[in-house]
Amino acid sequence: MVSCPRRIAVVPRYVRSVLVLLLLTACSGGGGQGADGAAGVGDPYFPKSGNGGYDVTHYGLTLAYDPEGAPALTASAAITARAGQDLDSFHLDLKGLDVKEVTVEGTRADWSRSGQELKVRPAHPLDKGETFRVTVAYSGTPRPISDPDGSTEGWLRTADGALALGEPVGSMAWFPGNHHPSDKASYDIAVTVPKDLTAVSNGEPAGERTTGSRRTFTWHTREPMASYLATLAIGRYTVTRSTTKDGLPVYVAVDPSQKSASREVLARLPEVMDWARLNFGPYPFSSTGAIVDRPEDAGYALETQNRPVFPGAPDTATLVHEIAHQWFGDSVTPRTWRDMWLNESFATYAEWLWEEDEGGATAEETFTDLYDNGEDDYPDLWDFPPGDPPTAADISSDPVYQRGAMIIHRIRRTVGDDTFYDLVQGWTATHRHGTADTDDFTAYVEKQAPDEDFDEIEEIWDDWLYGKGKPELP
Ligand code: TRP
Ligand code: ZN
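Residues numbered from 1 in each chain as written. Chains lettered and ligands numbered in written order. Predicted model: local features only at pLDDT ≥ 70, side-chain atom pairs only at ≥ 80, totals over all residues. Heavy atoms only, no water.

### A short note on the overall build of the chain
Secondary structure summary: the chain contains 10 helices and 22 strands in total. In terms of overall size, the chain behaves like a compact globule, its C-alpha atoms giving a radius of gyration of 22 Å where 474 residues would be expected to give roughly 23 Å. Its C-alpha atoms give the chain principal-axis dimensions of about 65 × 60 × 40 Å. Out of the 474 residues belonging to the chain, those deemed buried represent 57%. When contacts within the chain are restricted to residue pairs at least 6 apart in sequence, those whose partners lie at least 24 apart make up 68%. For the chain, the accessible area works out to roughly 18,600 Å², and carbon and sulfur atoms hold 48% of it. (Helix = DSSP H or I, 4+ residues; strand = E, 2+ residues; numbered from the N terminus. Rg over C-alpha atoms; globule rule 2.2 N^0.38 Å. Buried < 20%, exposed > 50% of the residue type's maximum accessible area, 1.4 Å probe, protein only. Contact = heavy atoms within 4.5 Å. Areas by Shrake-Rupley, 256 points an atom, 1.4 Å probe, with all protein chains shown as cover.)

Rendered as C-alpha cells:
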C-alpha cells in the first residue's frame, strides 16, 4: 500500500498534480485486504482532513446547547453515506467532545479515537456501493480550533451564546463527519437552546417549537454543502425575513447591538444579489441572507452557505466579497485546499468589479495600482504564486487574494469583456454544486478562450499562477 505523505512539495507542479491524483485515489480507496477506509483524503495541506472509502450524502444533526450547561452540548449526528469500497472500518473527523455510542445500520459499532480521527468498525462489514447510515451520540463543551495561519475557528463562545465557523478545519469541533471540501452533502440541523436564545444556521428554516424552557430551531440545507461552510449562530438576534422581488427568501439575523450600524449595508443585499447574478450567472441556492454578530465574536467574515457571517456590520465591499463566494467556493467548491485561490481570487475580483460598476476605480486601475505599489498594503504580495502556497499557513494570505484577483483581471484583459463574462458564467454553470480544482480551471479557460489568446493564457499560468516573484507585464 502507498503511504500517505503529509505534504507533496518537493516535486515540480506538473508531476505533483499527477502524484496528488494518484495519492487521492490510493489514500481514499482500495485499502488492501484490510478494507479499512483511509484516515484522510490526501489533501496536500491538511492530510488528516476528510476520510477515505465513502461519500456522505446527508447529515442530520440534532444538537442541544446551553451556554451555562455542563456539558454545554448534547448531540447526535445521523450520517447517510455511500461506500466507495468494501469497508471493515472507516473514519470520521471529530475533535474534542465525548463519544457515547456509535451505530451503523442500526447496530452498535466498535469505535476508537486518536486525535481528530474517530475510527468506526461496524458489526457487519459494508460492501462497495452500499448506502449506509451511521449515528454518533456525543456531548461535551465544544472548543475553538487554531489554524496554521494563527486564526481561530471551530466553536467560538460569544457574549450571548456561540458561533460555529468551519474554514478550513473548524467543523470537526461540533459534529463528526467527512470534513473535507471534496465531499459535499445536504443537511438538516435541529438546535435546542434556552428559550430566550435563537439558533440560526444554513439553508431555510424548517420549523420552530417551544417545549417548557427550551426552544428548538430547525434548518434545512437542500443544496450540497461542504462542511467548512456549515454554521451555527446561537444568541440573541433580531431575525428579519423577507423576499427579493423575484421571490428568493432572505433571512437576516443581527445581534441587537449591531442593528443600527448594519441597517444601511444590509438594505443593499437584494441589489448585491442582482448584481452578482448578472455577472456570475443564476444564484445557486434557495435562500440568501446574513448573520451579523459582534465585532469581537470572530476575527474575520466567512462565506457560510446561504448566509455569510460578519463580525460587526460589514462594509459594502465585504458584503460583495462574501456574496460572491456563494458562487465561488460554496457552489463551485475547491477540491483540495491547494485550490483555495479559486475562491479568494474571484471573491476579491468581485470587489473590484463592484467598485468599477459603482463608478469608483476601474478594475484596470486597481490592478495597476496593485502592480505598482501593492507591497505598501500587502507586503507578502509577491512572496509566492497563488497556485502553490508553500504551507497551510499561507492559504489565506495576500498572494491568494490579491495576486489571485490580478490573475482574473489578466484573463479578462486577454480575452476581452464579452468572452470574459461568458467564461465566468460558463465556469459557475459547469461546476454548479460540485467541486473543481485548478487544473479544471486552467483547462476550462484554455478551451473557452479564442485560439489567438492561447499563448498569452499560458503565460498567465506560468508567470502569475505558478511563477516565482513579480511577473513582467506583456
Ligand atoms: N474565506 C474568508 C473570506 O475571505 C476568510 C477566511 C476565514 C479564511 N477563515 C479562513 C481563509 C481560513 C482561509 C482559511 O471571506
Ligand atoms: Zn474570501
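### Concerning the pairing of strand β3 (residues 90-93)
Every other side chain in a regular strand lies on the same face of the sheet, so the side chains alternate between the two faces. What you see with β3 is no split at all: F90 and L92 on one side and H91 and D93 on the other are buried throughout. Sheet analysis places β3 next to strand β7 (residues 117-121), joined by four bridges and oriented antiparallel. Opposite D93, over in β7, you have E117 as the bridge partner. (Pairing = 2+ DSSP bridges.)

### Here we look at the packing of aromatic side chains
For any pair of aromatic rings, the description rests on two quantities: the centre-to-centre distance and the angle between the ring planes. In total, this model carries 32 aromatic pairs according to the counting rule given. Positioned over the ring face of F367 is R413, at 5.3 Å from the centre of the ring. A cation sits over an aromatic face here: K470 above Y371, 4.4 Å from the ring centre. (Phe/Tyr/Trp six-rings, centres within 6.5 Å; stacked < 30°, edge-to-face > 60°. Lys NZ or Arg CZ within 6 Å of the ring centre and 35° of its normal.)

### Comments concerning the coordination of the zinc ion (ligand 2)
Within the first shell, the zinc ion (ligand 2) binds the protein through H321 (NE2), H325 (NE2) and E344 (OE), at distances of 1.9 to 2.0 Å. When the donors of the zinc ion (ligand 2) are listed by position in the chain, the intervening gaps give H-x3-H-x18-E. Taken as a pair, H321 and H325 lie in helix α4 (residues 316-325) at a separation of four residues, close to a single helical turn. The same class applies to H321 and to H325, which are both buried. (Donors = N, O, S within 2.8 Å, 3.2 Å for Na, K, Ca; no water.)

### Some points on the site of ligand 1
As a structural note, the neighbourhood of ligand 1 is formed by 14 residues, with E167, E303, E322, E344 and Y401 the closest of them. Side-chain polar atom of E303 to a nitrogen atom of ligand 1: 2.8 Å apart, as the coordinates give it. In isolation ligand 1 exposes 360 Å². Once the protein is present, 93% of that is buried. Ranked by residues supplied to the shell around ligand 1, first place goes to α4 with three residues. A breakdown of the residues in the shell around ligand 1 according to their chemical character gives six nonpolar, three polar and five charged. Two domains each put at least three residues into the shell around ligand 1: domain 1 (53-265 + 303-312) and domain 2 (333-465). (Near = heavy atom within 4 Å. Polar contact = N/O pair within 3.5 Å; in protein donor to acceptor, adjacent residues only side chain to side chain. Nonpolar A, V, L, I, M, F, W, Y, C, P; charged D, E, K, R; others polar. Domains from an automatic or database assignment.)

### Description of the nonpolar core
Core analysis: the biggest nonpolar cluster contains 133 residues, and L63, F90, W174, F280 and F441 have the highest contact counts within it. For this core, the element with the highest residue contribution is helix α5 (residues 340-357), accounting for nine residues. The two domains that each donate at least three residues to this core are domain 1 (53-265 + 303-312) and domain 2 (333-465). With sequence-adjacent residues up to four places away left out, F280 is seen in contact with W275, A324, W327, F328, A350, L353, V424, Q425 and T428. (Core = buried A, V, L, I, M, F, W, Y, C linked by side-chain atoms within 4.5 Å.)

### Looking at the environment of A75
Considering the arrangement of structural elements, one finds A75 in strand β2 (residues 73-83). Assessed through its relative accessible area of 7%, A75 is described here as buried. Distance in space between the C-alpha atoms of A75 and W174 is 9.0 Å, their sequence separation being 99 residues. The residues touching A75, leaving out its near neighbours within four places in the chain, are T62, L63, V136, A137 and Y138.

### Topic: the confidence of the model for the chain
Looking at the chain, pLDDT values average 94 and 93% of them are 70 or higher. pLDDT under 50 marks residues 1-11. Its contacts with residues more than four places away, or in other chains, come to 23 contacts. Note that pLDDT drops below 50 for residues 25-33; the model gives that stretch 17 contacts with residues more than four away or on any other chain. (pLDDT = per-residue confidence, 0-100.)

### A word on the environment of G40
Mapped onto the elements, G40 comes out in the loop between α1 (13-28) and β1 (54-65). Under the relative-accessibility criterion, G40 is labelled buried at 7%. As a C-alpha pair, G40 and H180 span 140 residues in sequence and 8.7 Å in three-dimensional space.

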